[in-house]
Amino acid sequence: MDTPVATPNRHGADGTTGRVRVLYVDADCDDITAVKETLTGSADEFTVTVCETADDALNALEDASYDCVVSEYRLPDRDGIELLRVVRDQSFDLPFLLFTDGGDESVASDAISAGVTDYVTKTPLSEQTELLRQRITSAVARYQEESDILDRMTDAFFAVDENWDFTYANERGRRVIGRAMAGDGETTDLLGQNIWEVVPSLEETEFSKQYRQAMTQQEPASFEAYFEPLQTWFEVSVYPSPTGISVYFRDITERQKHEEEIRGRERTLREIYRVISRKDLDFEDKVERLLEIGQHALGTETAALSRIDGDMYVFEIVCDRTGAIEAGDAVPLDATNCERAVVEEQTLVLADIAEDRPELAERAGYTEMGVSCYLGTPVVVDGSVYGTFCFYGTEPRDSFSEWEVTLVELMGNWVSYEQERERREQELTRERNRLEKFASVVSHDLRNPLNVAFGRLTLVDEAYDGDPEHVEALQRSLERMDELIDDVLALARGGHKVIDATEASLDDIITAAWDTVESSDATLERADTDARITGDQTRLQQLFENLFRNSVDHSDDPVTVRVGTLSGGRGFYVADDGPGIPEAERDEVFERGYTTSDEGTGFGLAIVSEIVDAHGGRMTVTESADGGVRFDVTGIQVE
């Protein structure tokens, strides 16, 4: 036989709305008459269909929809409990009332186990039919309320029994199932049909796997999956029971698209960071990679960094899939859209040039080059517009998103910053070269007469028989001049950025530096210095020499200097047990010319600071554990 159908709408078999449709199953004519009179004669509107056998009732359920089934227990072909079980197999919530005097406690217990809605005895019939009417009204009201709640759910919902036949689907569920169904997508007769036959495309998908697993294991399941036939992502929750599963699902395609967009943006930002942080790429290579990243993200044919040269627009770095533009090409500035970005000094966003800015459609960029969409931002260097960082294509588009505009501005700002930084570095390099050349010339010009003075002093010392203090004072002055010349040269060269860093033994550098310190009262201690240090070995040795001399020269008593490495390879420290540096003066000690010694030049720690900066490191001054001074150098690799 075909499968019975029950739906929660309020339309009877005769098409009448608002009536309670009751299927009454009984073979006793007197009982039938009494029930029909009570129901049809009441203020509530009932439509009563009578069947004398269980088979007739099941056939009636196939042909029409009912709000309630009322059945006698004793029927000619089977009992009312058997009929109830068949109905429950197809509809877990259709109201079903037993109206009988033929049962006992065991019958009532079996009826409850089978899912009966209510149990009403017939005797006395004249009174019990009225009670039956009340019970029917109440049961149908609850049924309708529950159905309305399910239909009002924002989630789609359906239920199937243990045989995978639909027992319920709310309106949202029906719409989705209808779209996925094979055939005409009609869901009027959905209930009672097998889910795998109705939607065969579910087979061998994540949905069928999860549904079958929940049914078999009787454990709830929640998952997200893509349903290819509908090109839709669904979030699904499955709740099993011994009689089937209930499935709640919602369309999350837009959410998935949004999340994928966010993931895509994160990938783009990570890719940009990897490019700009690479030390093996020069500025031009980095810009070319950024143009390619932007080209992929925006989907445009052409991307370029260009500069303004008078009234010409010169393409400096180009990524052009059409092959029409190459680096070095130049066009009149007023033929381009970039001219607007340059003049207005702000990002120009044109998804459809002809529609957004019709006056620009008359320019050669549109009429000859075919540029129909444009997104570009000005590159500003030292307060002046250098050129543009732009992307354009030959097809108009609906829009450029805020993310796309922000992405172009982000990359354009980096280009501006790098241009300014490179320009400043070039200027600084020229200035340092001039300073070093000047220092070398001065050193040469000073050393010649200084060497003559040393030579003459030696002769004077040999022939002079007066107070030796005069000669010694002159010797110290000449030596101080020599130290000043060395320090001036070191300062001129110390700030040059370390480019060719090499790895060396930290212990060896410390030993070489300590050997230059002229003091028999100073002691050197080491802690974990059996390591490798990366940098300019000559300048690193000078760094340690100056720190060692600083400790020795500023201590009246024998001093202990301790050198150690910082945890995690972060750098190293030099500490002593001397008088230390007052906290208020610690920010001044690296200034050129600062000294508290009559014999110091004031350049020693300034040179140290320059060397640390040239290595990209950082230096801090604190009090040592022994009350002296401690210099921590971080950012120089020590392993």
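It should be emphasised that the depicted structure is a prediction, and the values quoted were computed from it without experimental measurement.

Cut-offs and rules
Residues numbered from 1 in each chain as written. Predicted model: local features only at pLDDT ≥ 70, side-chain atom pairs only at ≥ 80, totals over all residues. Heavy atoms only, no water. Helix = DSSP H or I, 4+ residues; strand = E, 2+ residues; numbered from the N terminus. Contact = heavy atoms within 4.5 Å. Polar contact = N/O pair within 3.5 Å; in protein donor to acceptor, adjacent residues only side chain to side chain. Salt bridge = Lys/Arg side-chain N within 4 Å of Asp/Glu carboxyl O. Buried < 20%, exposed > 50% of the residue type's maximum accessible area, 1.4 Å probe, protein only. Pairing = 2+ DSSP bridges.

## Section: the environment of T117
Here is step 1: Looking at the secondary structure, you find T117 in the loop between α4 (105-114) and β5 (118-120).
Here is step 2: Expressed as a C-alpha distance, the spacing of T117 and L84, which sit 33 residues apart in the sequence, is 10.0 Å.
Here is step 3: Ignoring any residue separated from it by four or fewer positions in sequence, one finds T117 in contact with R88, L94, P95, F96, L97, A139 and R142.
Here is step 4: Polar side-chain contacts of T117 include one of 3.4 Å to the side chain of R88.

## Description of the pattern of salt bridges
Here is step 1: Counting across every chain of the model gives 36 salt bridges.
Here is step 2: Where R255 meets E259, a salt bridge forms, and the shortest distance between an N and an O atom there is 3.6 Å. You can see R255 and its partner E259 sitting in helix α9 (residues 253-276), four residues apart, about one turn around the helix.
Here is step 3: For R255, a relative accessible area of 32% corresponds to the partly exposed category.
Here is step 4: Residue R421 pairs with E425 through a salt bridge whose shortest N-O separation is 2.8 Å. In this pair, R421 and E425 are both assigned in helix α14 (residues 402-463), four residues apart and thus about one turn of the helix distant.
Here is step 5: Classification of R421 as partly exposed rests on a relative accessible area of 26%.
Here is step 6: Residues joined in a network through salt bridges with shared partners are E339, R340, E344, R357, E359 and R363.

## A look at the pairing of strand β9 (residues 232-241)
Here is step 1: In the sheet, strand β8 (residues 221-227) pairs with β9 via seven bridges, with the strands oriented antiparallel. From the neighbouring strand, E224 faces β9, where its bridge partner is E235.
Here is step 2: Counted between consecutive antiparallel strands, the loop separating β8 from β9 contains four residues, among which Q231 sits at a positive phi close to 50°.
Here is step 3: Bridge count between β9 and strand β10 (residues 244-251): eight bridges; the pairing is antiparallel. Across the sheet, residue V236 finds its bridge partner in β10, namely F249.
Here is step 4: Counting the residues that bridge the hairpin from β9 to β10 gives two residues.

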